[in-house]
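# Structural description and commentary
Take a look at the letters that make up each chain.
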Amino acid sequence: MDALLAIAAATVAGNDLALGITEGGSWLLRNVWLIPLLPALSFVGILFFGKKMPRGGSELGIAAVGIAFVLALLTGVAWVDHRDDFHGEEVHVAIVQVDDHGAAAAGHGDDADDGGAAHGGGHPSLAVHRTTTWFQTNGVEFTVGTLVDGLAVMMLLVVTLVSLLVHVYSTDYVHGDRRYTHFFAFLSLFSASMLLLVVSENTLQLLCAWELVGVCSFALIGHWWEDKPNSDAALKAFLTNRVGDMGLLVGVTVLFFAAGSALPDRFGSFSIAETNALANSGALSHTALVVAAACLMAAVMSKSGQFFLHTWLPDAMAGPTPVSALIHAATMVVAGVFMIARMYGVFFEGFQIGGSSINLMALIGGLTTIVGALLAFVQRDIKKVLAYSTISQLGYMVLALGVGAWTAAVFHLFTHAFFKACLFLGSGSVSHAVHSFDMKSDMGGLRKDMPHTYRTFMIGTVALAGLPPLAGFWSKDEILVGTGGWGLMGGTGGNGAYTLMLGMGMLTAALTAAYMTRCVYLTFFGEFRGHGQPHESGPRITVPLWILASLAIVAGLVNLPKGFQLAPGSLQERFGHFVEPVAGYFPAISHATPSWSLAIVSTMVVMGGIAASGWYYFVKVEAASKAAGTSLTELPDGPTTRYPLARMGHTLLANKYYLDHFYNGVVADGTKGPLARMANRINQDVIDHTVDVVGETAVKAGTVVYQKIDQLVVDGVVNASGRGSSGAGEKLRKINSGKVQSYAAILFAAATVLAGVLIVIV
Amino acid sequence: MLLNQFLLLSAVLFAIGVYGVLARRNGVLVLMSIELILNAVNINLVAFGAFRATVGGEVFALFIIAVAAAEVGVGLAMVLLLYRNRRSIDLTQIDQLRG
């Protein structure tokens, strides 16, 4: 921290800004572009040769992603070496001199830093940066390249691992599908795009990869496009994302020009490291940063399903389940969270996260997490429960980023990828057995028939609910600590006291535990309500489930809280140390002190949620089922039938807060109706009228011209000349006898006459 | 220099040629009459050239002989084709171009 502030101070005084990146580093870190390249090649390979391959191209996809995963693992090892031991040259960039005000802004983390624990030893990290020219226009050079730091390496690992498991799982799940090869081609393309996104060196490249994953998402949601709802869902996802993508485009452009104003002799900069470092140093205008951050936030809201642009994500469950696990749980939807984490300097300064005031990001995250969790209660479809849960958890991450708990957010992204992918793949396994996603009519009692799925799903559920010592507990607890609003035996000293966010997080923890208990009861307990005999899925489905479940158990241990007395200091905050940058391109954030009391209370809150929901389902519904002799899914006279308020709440949730009605009925129709009427009026009254007048005038003028000029003058001349020629021809025809010698006679006669004239005149 | 005699010869030849062209019905004879007219002109040119003591007259006459050779080549070919197609070279019967 001190070192960073020293760098910031020195750079502002001088005209040189240290970026915290280096062009050196080991071979693996500099050639990380190989990792996205492999699935990209496999995409092309599957596209051209997939149908001819014995396994329809899936083997190519698995091989490519498998090698990419091994490379990512090696890159991770290389990064662990690099993080602490690399002493190469750091890249500097010349900047325009900033005044004292800017210098003050750069150091504003100072005040909030007093109570906070210093970050992982404070040893600066150097991200490995490598670029090449993409294209050049008007003297502005656009580059493409890789920026490898802990965040990128962590994302590479998560994406390749989940992608590999999903590939393997899919060979069974979509076995015999009519577009099997097509499915794997797009899985490969998606993996390539997502990997490109996480190693992006500049915002332009990030934007391209961002759009690419959107396209893959569209294609895979609509994989079974023959059914109208599926293609509708794909369109909805794509169009909703377009709304946010406009924000990304504008935000990136604003940042480009803002950076240009601070860099002498440069028109602008797309470089992520430069933009962030400039934002941190206070060299960029605050207005530009606010605008850019707000625009980028719109992109996050659509891509990461934040309230009120989240409505596409539950519908996206129309896609095949492996797609939901990979794209709509573990990787693509966290692209927004990743982007905030990547551009954190911009967001940190733009939203003044260090300032302890409620900011847009924290508020949106907090609202989303509660809104999503509540919606998960009223779903019949097991995948929709998980989809709303994903929205809720993404809200958690955005909330964490909004309060400055960067590592907590990224750590939650990491653990969430495993347990949510596990849950999704588990729900896919269940639907494979019962041929339905409807928990109420087709599931129940599956724990006996599907032991592997049941156990892994339970592990995922506990991890998601956040009970120690599973993964979700550690990351969720760290977010709650990071809000800095606890203040009882620790739990303070973050980037200010966000007590409201702490409350929102606590509420969501209880809700999450409760809706997952409901989901588990409806799926695995009670008696089977569907048809036929469900059976456990094959090893290609259960093995990925067990791998993810194991990770859901242990993933939390990589970032044990600092000062955790039950673990040696060398094991504490390993994740934070290796992932969170201490560099010029990363803001000076403060870290809250972990608190035992908060961990205990949050665990009790979770237990409370489980107990309340468990009491309702495992005790009351179970008893009612026994009494009724069938397997019930809710009490016949539950609170919704007894209390009007509860019924109203249920109706509100069942209609998804009427957001879809609002978008379709009010926004779409509201703009469509008046717009259409206005267009109609303009069309009828202005354009058509003008055209009519012009037309009528033209007809009148045309008539005059036709009758007077055309008929009389032009035609008259033409006719007269025609008649004249005809008459002359009639006369001259007689001379033309066709007899050569009469012509010769005329010739000689004429010559004689001419000769006579010549003689007379001369 | 007896220019008058040459001019008289030339005039007589020209008159015979004109008569031949206008009066004869045989295509070959018409061509021969045209040659007479041309040679009348040649005599005229050479006579005046000698009279004025320049070579221009003779040069012109040589050109006319060359052109006449070409003209007679084309003309005889036409007559030959006429004969092949119609078994006759009577010019009075060839009046397809009558208006």
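Residues numbered from 1 in each chain as written. Chains lettered and ligands numbered in written order. Predicted model: local features only at pLDDT ≥ 70, side-chain atom pairs only at ≥ 80, totals over all residues.

### Focus on unusual backbone geometry
Excluding glycine, a negative phi dihedral is what most residues carry, and trans is how most peptide bonds are arranged. In this structure, the amide linkage connecting Phe307(A) to the following residue, Phe308(A), adopts the cis form with an omega of 10°. Mapped onto the secondary structure, Phe308(A) falls in the loop between helix H12 (286-303) and helix H13 (312-315). The omega torsion across Pro468(A) and Pro469(A) is 5°, close enough to zero to call that bond cis. Mapped onto the fold, Pro469(A) is located in the loop between helix H22 (451-465) and helix H23 (471-482). Of note, His435(A) is a non-glycine position whose phi angle comes to about 60°, a positive value. Residue His435(A) is classed as exposed on the basis of its C-beta count, with 11 C-beta atoms lying within 10 Å. Located in the positive-phi region is Ala53(B), a residue other than glycine, with phi close to 60°. (Helix = DSSP H or I, 4+ residues; strand = E, 2+ residues; numbered from the N terminus. Buried ≥ 20, exposed ≤ 12 C-beta atoms within 10 Å, placed from the backbone.)

### As for the confidence of the model for chain A
All names here are of chain A. With 92% of its residues at a pLDDT of 70 or more, chain A has an overall mean of 83. Mean pLDDT in chain A bottoms out at helix H6 (residues 109-112), which sits at 38, and peaks at helix H15 (residues 335-342), which reaches 92. Every residue in residues 1-13 is under pLDDT 50, and counting partners more than four places away or in other chains gives 30 contacts. Confidence drops under pLDDT 50 across residues 100-121; counting only partners more than four residues distant or on other chains, this segment forms 47 contacts. (pLDDT = per-residue confidence, 0-100. Contact = placed C-beta atoms within 7 Å.)

### Things to note about the nonpolar core
All names here are of chain A. Core analysis: the biggest nonpolar cluster contains 232 residues, and Val337, Ala409, Ala421 and Ala552 have the highest contact counts within it. For this core, the leading source of residues is helix H19 (residues 406-434), giving 18 residues. In contact with Ala421, not counting residues within four places along its chain, are Val162, Ala325, Ala329, Ala330 and Leu548. (Core = buried A, V, L, I, M, F, W, Y, C linked by C-beta atoms within 7 Å.)

### What about the interface of chain A and chain B?
At the interface, 10 residues of chain A touch 11 residues of chain B. Split by residue class, the side of chain A that touches chain B holds four nonpolar, four polar and two charged. (Nonpolar A, V, L, I, M, F, W, Y, C, P; charged D, E, K, R; others polar.)

### A short note on the sheet that holds strand E1 (residues 16-22) of chain A
Residue and element names in this part refer to chain A. What the four strands build is an open sheet, ordered E2-E1-E3-E4; its pairing is mixed. Edge positions in the open sheet fall to strand E2 (90-94) and strand E4 (140-148), since each of these has one partner strand only. For this sheet, the mean angle separating the axes of adjacent strands, direction not counted, is 45°. Where E1 meets E2, four bridges bridge the pair, whose relative direction is antiparallel. (Pairing = 2+ DSSP bridges. Axes fitted to C-alpha atoms, helices over the stretch in contact; angles between N-to-C directions.)

### Focus: the confidence of the model for chain B
Taken as a whole, chain B shows an average pLDDT of 90; of its residues, 98% reach a score of 70 or greater. Interface confidence in the predicted complex, given as ipTM, is 0.86; pTM for the same model is 0.73.

### Focus: the pairing of E1(A)
All names here are of chain A. The buried count for E1 comes to six of seven residues, which makes it a mostly enclosed element. Of the strand pairs in this sheet, E1 and strand E3 (residues 127-137) are connected by two bridges, and their pairing is parallel. Paired with Ile21 across the two strands is Ala127, which belongs to E3.

### Concerning the environment of Val378(A)
All names here are of chain A. As for its placement among the helices and strands, Val378 is situated in the loop between helix H17 (360-375) and helix H18 (382-402). Since 20 C-beta atoms lie within 10 Å of it, Val378 is described here as buried. As a C-alpha pair, Val378 and Arg518 span 140 residues in sequence and 9.9 Å in three-dimensional space. The residues touching Val378, leaving out its near neighbours within four places in the chain, are His650, Leu653 and Ala654.

### Observations regarding H15(A)
Counting buried positions along H15(A) yields eight of eight residues, so the element is predominantly enclosed. All buried positions along H15(A) are accounted for by Ala335(A), Gly336(A), Val337(A), Phe338(A), Met339(A), Ile340(A), Ala341(A) and Arg342(A).

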